[in-house]
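Results of the structural survey
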Amino acid sequence: MTSDLAIDASGLVKSYGAVRVLAGIDLRVRRGTVFGLLGANGAGKTTTVRILSTLARADSGRARVAGFDVVSDQAQVRRRISLTGQDAAVDELQTGDENLRMMGRLSGLSRSQARVRAAALLERFGLVDAGPRRVATYSGGMRRRLDLAACVVAQPAVIFLDEPTTGLDPRSRHAMWELIAELVESGVTVFLTTQYLEEADRLADSVAVIDGGRVVAEGSPAELKQRVTSERLDLTLADAWAFDQVARSLGERALRADASRLTLGVATDGSASQIRGLLDEIDPERRAVSSFAVHAATLEDVFLDLTDATATSRERESARV
Amino acid sequence: MSDLATSTPVGQALTMAGRCLRVSRRQVDALIMSLLLPVLLMVMFVELFGGAIDTGTKYVTYVVPGVILLCAGFGSATTAVSVSQDMTGGLMDRLRSMNVSGKAVLAGHVTASVARTAVSIELVFLVAAVLGFEPSAGPLDWLAVAGVLLAFVIAVSSLAVAIGLLAKSPEAANGFTFFVTFLPYASSGFVPVHTMPSWIQGFALHQPITPITETLRGLLLGTGVGSNPWQALAWCGAVTAISVAVSSVLFQRRIARS
Ligand SMILES: Nc1ncnc2c1ncn2[C@@H]1O[C@H](COP(=O)(O)OP(=O)(O)OP(=O)(O)O)[C@@H](O)[C@H]1O
Ligand SMILES: [Mg+2]
């Protein structure tokens, strides 16, 4: 049943001191797919990656990666995964070639196997000329490519990439995207974190957005984009009773709901006929909705909306306490 | 397809040691320091101070053990700094996610440190010979000298690893090692202890460097060693054991925090 899942995590909770970084995260990633974890700075992306790659332990919850439990079968998991962290993990004073050969040796290749593998990876990652040079002389993009190459030396089944393109210029970013896409063709499962929706859109088969320690949205990029690229109708309701009525009738279709401001957001294509139809449907007596605004959403907006909405609901919760 | 020789912890430690040595050959300033220091120290002590210090023997012969221990102390700074650097980047995470144990990485550092220091020590002997060092040690004595030096260098290197793990930054690690390089001066390494001010004599007589110096000197000059070798080995063993234990705790703390 779980055999087609490369990653299966449920109820992950992690606190650092009084800060609850993850408040119950569930993630499922099918084998051979790319999963994108989106979140703002400090949302807990790195923390999630560290738990799934056995480097940190969750306070509660369970996770299986490549078929093994990250706590009780740590060694088995480690044999099948590889991590490219947010900080570069290559040696500045070694050449690119030496870095890759060292990783090969550490993962159990013989000297000659490691040499062959390093040469093949330098070729594949466009670093043949740079191979004999020290990493200290590399550009940011080359360093990231080498980091990615080092990550696949041991031919892992699951690779974790923590913000693989942060800080790269658009050209280098596109080059990284192509390399990652190629990796997936070879059957690897990729778990990547990013702050860029466009990156998730380009690479990921499925996406989850985390904020406030929880998954606030998940689905395919197309599904997520649908919530965003169409425009959004923001309704302001007359009173709390009307708010409850309309919220109930909208159900899942409500993109955002803010009870304190009596506002609800609904997806729309922006056409007059659609908006008219929608208003008639949810407010046949023309009393509940006091005003509305059409809001042109961008990719950035979904993200901001999702994270903003949970931030306000969190504030309300803590205000109530 | 995997080659068992390198996927074992020992193989991994050797791979890491090879990498440390490759990298330290490229840190030009540290390299010059570690090669030049033995030469400069020997020349300085023998030619500048030697005339003013009466030790009952030729000063070059007297001072060799002291300079050796000093060089080993300086070498440990390199080790502490490179351990500290490895802990700050993303390398440790990647290695751990590949199931390379922290112990293998740290053992690699100790091994590389021992190899580096061995080169410095050979240089000291070479310069000493040029300056007129006349040891009367037989083959067995030399073997014992090598053994004591090995124990000492392992102890200092393990201590350096612990310091590297303790320090919050590579710069701090470098600073900590100052203490290690200070110890030989307050021992019988450079001047006889009885010529020191009385308040420091007690310390000089009971600190680890003095029995080590006396052992080396006794072996090299054939003047008898008494109980010094046992004291020396006990000190080295204790420092190594404590450093390893402390390192393992510090390492766990470091990776748990990050
Ligand atoms: N070792 C730690 N000790 C204390 N707090 C920590 C620790 N690691 C992370 N945190 C806190 O947990 C929160 C989430 O951190 P995390 O690094 O997982 O976020 P992130 O989503 O990766 O952010 P970024 O985009 O900045 O990389 C932050 O508030 C951070 O300060
Ligand atoms: Mg992060």
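Every residue gets a number counted from 1 within its own chain, in the order that chain's sequence is written. All chains are assigned letters beginning at A, and all ligands numbers beginning at 1, according to the order in which they are written. Since the coordinates come from a predicted model, pLDDT governs what is reported: local features require at least 70, and pairs of side-chain atoms require 80 or more to be given and counted, while whole-chain, interface and lining totals use all residues. The basis for the side-chain values is all heavy atoms of the structure; hydrogens and waters are excluded.

Quick look at the overall build of chain A
Helix and strand assignments come from DSSP, with helices taken as H or I runs of at least 4 residues and strands as E runs of at least 2, each series counted from the N terminus. Helix and strand counts for chain A stand at 11 helices and 14 strands. The buried share among the 321 residues of chain A stands at 49%. Throughout, a contact is declared for two residues whenever any of their heavy atoms are within 4.5 Å. Partitioning the intrachain contacts of chain A with sequence separation of at least 6 by distance along the chain shows that 66% fall at a separation of at least 24. By element, 48% of the accessible surface of chain A is carried by carbon and sulfur atoms, the whole surface being about 14,800 Å². Summary of the burial criterion: residues with accessible area below 20% of their type's maximum are buried, those above 50% are exposed, and those between are partly exposed, where the area comes from a 1.4 Å probe applied to protein chains only. Methods summary: accessible areas were calculated by the Shrake-Rupley approach with a probe of 1.4 Å, and residue burial reflects only the protein chains presented.

Quick notes on the overall build of chain B
When helices and strands are tallied, chain B shows 11 helices and zero strands. Reading the secondary structure of chain B in the N-to-C direction produces α-α-α-α-α-α-α-α-α-α-α. Relative to the compact-globule value of 18 Å for 258 residues, chain B shows a C-alpha radius of gyration of 19 Å, a close match. For chain B, the C-alpha atoms occupy an extent of roughly 60 × 40 × 35 Å along the three principal directions. Buried positions account for 53% of the 258 residues belonging to chain B. Look at the contacts in chain B between residues 6 or more apart in sequence, and 77% of them connect residues 24 or more apart. For chain B, the exposed area adds up to about 11,500 Å²; of that, 71% sits on carbon and sulfur atoms. Charge convention: Lys and Arg are scored as positive, Asp and Glu as negative, and His as well as the terminal groups of each chain are ignored. In plain terms, the charge of a residue is placed at NZ if it is Lys, CZ if Arg, CG if Asp and CD if Glu. Placing the 14 positive and 11 negative side-chain charges of chain B at their respective mean positions leaves the two points 15 Å apart. Note that the radius of gyration is over C-alpha atoms, with the globule rule given as 2.2 Å times the number of residues to the power 0.38.

Details of the domain arrangement of chain A
How far each domain reaches was decided by an automatic or database domain assignment. Domain annotation of chain A identifies domain 1 (5-220) and domain 2 (230-296). With centres defined by C-alpha atoms, the gap from domain 1 of chain A to domain 2 of chain A works out at 41 Å.

Observations regarding the packing of helix 4 (residues 59-88) of chain B against helix 7 (residues 139-166) of chain B
All names here are of chain B. For the pair helix 4 and helix 7, interaxial distance at closest approach is 7 Å and the crossing angle is 35°. Crossing hand, helix 4 versus helix 7: right-handed. Between helix 4 and helix 7, the contacting residues are Ile68, Leu69, Ala72, Gly73, Ser76, Thr79, Ala80, Val83, Ser84 and Met87 on the first element and Leu149, Phe152, Val156, Ser157, Ala160, Val161, Ile163, Gly164 and Leu165 on the second. Residues of the contact of helix 4 with helix 7, tallied by class, amount to 13 nonpolar, six polar and no charged. Helix axes are fitted to C-alpha atoms over the stretch in contact, other axes to C-alpha atoms as well, and angles between N-to-C directions run from 0 to 180 degrees. Crossings are assigned a handedness: left-handed for a near helix turned anticlockwise from the far helix by less than a right angle, right-handed for a clockwise turn. Amino acid classes used here: Ala, Val, Leu, Ile, Met, Phe, Trp, Tyr, Cys and Pro are nonpolar; Asp, Glu, Lys and Arg are charged; the rest, including Gly, are polar.

As for a nonpolar patch on the surface
Residues form patches when they are more than 30% accessible in relative terms and have no salt bridge. Like charges link within 9 Å. Nonpolar side chains (Val, Leu, Ile, Met, Phe, Trp, Tyr) link within 5 Å. Throughout this description, the term salt bridge denotes a Lys or Arg side-chain nitrogen within 4 Å of a carboxyl oxygen of Asp or Glu. There is a patch of nonpolar side chains on the surface, built from Val28(B), Ile32(B), Leu36(B) and Leu40(B) and spanning about 370 Å² of accessible area. Relative to the helices and strands, Val28(B) is located in helix 3 (residues 28-49).

Focus: the coordination of the magnesium ion (ligand 2)
All names here are of chain A. Protein coordination at the magnesium ion (ligand 2) comes from Thr46 (OG1) and Gln86 (OE1), with a distance range of 1.8 to 2.2 Å. One end of the pair, Thr46, is in helix 1 (residues 45-52); the other, Gln86, is in the loop between strand 6 (81-84) and helix 3 (96-106), with 40 residues separating them in the sequence. Residue Thr46 is classed as partly exposed on the basis of its relative accessible area, which comes to 29%. For Na, K and Ca the donor cut-off is 3.2 Å, while for other metals it is 2.8 Å, and in both cases only N, O and S atoms qualify; water is not among them, so sites may look incomplete.

Things to note about the interface of chain A and chain B
Counting residues at the interface gives 33 residues for chain A and 26 residues for chain B. Interface area for chain A against chain B, summed over the two sides, is near 2,700 Å², with a carbon-plus-sulfur share of 52%. Two parts placed together each lose some accessible area under a 1.4 Å probe, and the buried area is that loss summed for both. Together, Arg78(A), Leu93(A) and Leu106(A) form the three largest contributors to the area buried by chain A at its contact with chain B, with a combined 24%. Where chain A touches chain B, the interface holds five salt bridges. Ionic pairing is found between Glu98(A) and Arg26(B), a salt bridge with its closest N-O pair at 2.7 Å. At the level of elements, helix 2 (74-80), strand 6, helix 3 and helix 5 (140-152) of chain A are the ones that each hand at least two residues to the side of chain A that touches chain B. Per-element tally for the side of chain A that touches chain B: the top contributor is helix 3 of chain A, with five residues.

Here we look at the packing of helix 3 of chain B against helix 4 of chain B
Residues and elements named next belong to chain B. Viewed as axis vectors pointing N to C, helix 3 and helix 4 meet at an angle of 150°, and their least axial separation amounts to 10 Å. One way to sum up the angle between helix 3 and helix 4 is to call them roughly antiparallel. The crossing of helix 3 and helix 4 is right-handed. Residues Met33, Leu37, Pro38, Leu41, Met42, Phe45 and Val46 of helix 3 pack against Tyr59, Val60, Val63, Val64, Val67, Leu70, Cys71 and Phe74 of helix 4. Split into classes, the residues belonging to the contact of helix 3 with helix 4 amount to 15 nonpolar, no polar and no charged. Comment on the angle field: the value is read as roughly parallel under 35 degrees, roughly antiparallel over 145, roughly perpendicular from 65 to 115, and oblique elsewhere.

Some points on the pattern of salt bridges
Pairs can form between side chains of opposite charge whenever their charged atoms are close. The full count for this structure, using the stated rule, is 17 salt bridges over all chains. Residue Asp8(A) pairs with Arg28(A) through a salt bridge whose shortest N-O separation is 3.2 Å. Of the two residues, Asp8(A) sits in strand 1 (residues 5-16) while Arg28(A) sits in strand 2 (residues 19-30), which places them 20 residues apart along the sequence. Asp8(A) sits in the buried class, given a relative accessible area of 15%. Asp86(B) is paired through a salt bridge with Arg19(B); the nearest N and O atoms lie 2.8 Å apart.

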